[in-house]
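In case you want the letters, here they are:
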Amino acid sequence: WDKKSEACKLKFNETKRKIDDSNLEISACETSLKDIIGRKEEAMVSHDVTLLDVRRRRDSLRNLLEAVWSLKQKEVESSLLMQDRKEEILSHKEVKTAQLRSCNEERHIVAKDLGKMK
């Protein structure tokens, strides 16, 4: 009976040791899992922050591009207006030059007629 009891105690101790080893391994795995979950959550947060930063920068770039496009449009419009104004000024100058020439011719004719009268 002692041999059987001794064999049962040995088997019990061996089984208890295996259970303790398994519990220790489970505890290590749980700790490792918590660490991995923590790193995963940090990575997810970092990823979300990066996505938000990309979206913010994309929006900022889009706004800048719209501003540049608007300025280019204004430049084109201003250039066209300036060209039209230059043409108006040139046309007005030609009219005034023609009027001056006409006045000078009239003055010359009047001066000539005045000289004949004297």
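Structural data are supplied above this passage.
Overview of the structure. (Residues numbered from 1 in each chain as written. Predicted model: local features only at pLDDT ≥ 70, side-chain atom pairs only at ≥ 80, totals over all residues. Heavy atoms only, no water.)

Points about the pattern of salt bridges
In a structure, side chains of opposite charge can pair up when their charged atoms sit close to one another.
Okay, step 1: The tally for this structure, following the rule as stated, stands at 8 salt bridges.
Okay, step 2: Glutamate 14 serves as the salt-bridge partner of lysine 18, at 3.5 Å between the closest nitrogen and oxygen. Placement of both lysine 18 and glutamate 14 in helix H1 (residues 2–117) is noted, with a separation of 4 residues, approximately one turn of the helix.
Okay, step 3: A relative accessible area of 48% means that lysine 18 is categorised as partly exposed.
Okay, step 4: Judged by its relative accessible area of 40%, glutamate 14 is partly exposed.
Okay, step 5: Glutamate 75 is the salt-bridge partner of lysine 72, the closest N and O atoms lying 3.9 Å from each other. Of the two residues, lysine 72 and glutamate 75 are both situated in helix H1; the distance of 3 residues between them amounts to about one turn of the helix.
Okay, step 6: Ionic contacts of the salt-bridge type, sharing partners, join the residues Asp53, Arg56 and Arg57 into one network. (Salt bridge = Lys/Arg side-chain N within 4 Å of Asp/Glu carboxyl O. Helix = DSSP H or I, 4+ residues; strand = E, 2+ residues; numbered from the N terminus. Buried < 20%, exposed > 50% of the residue type's maximum accessible area, 1.4 Å probe, protein only.)

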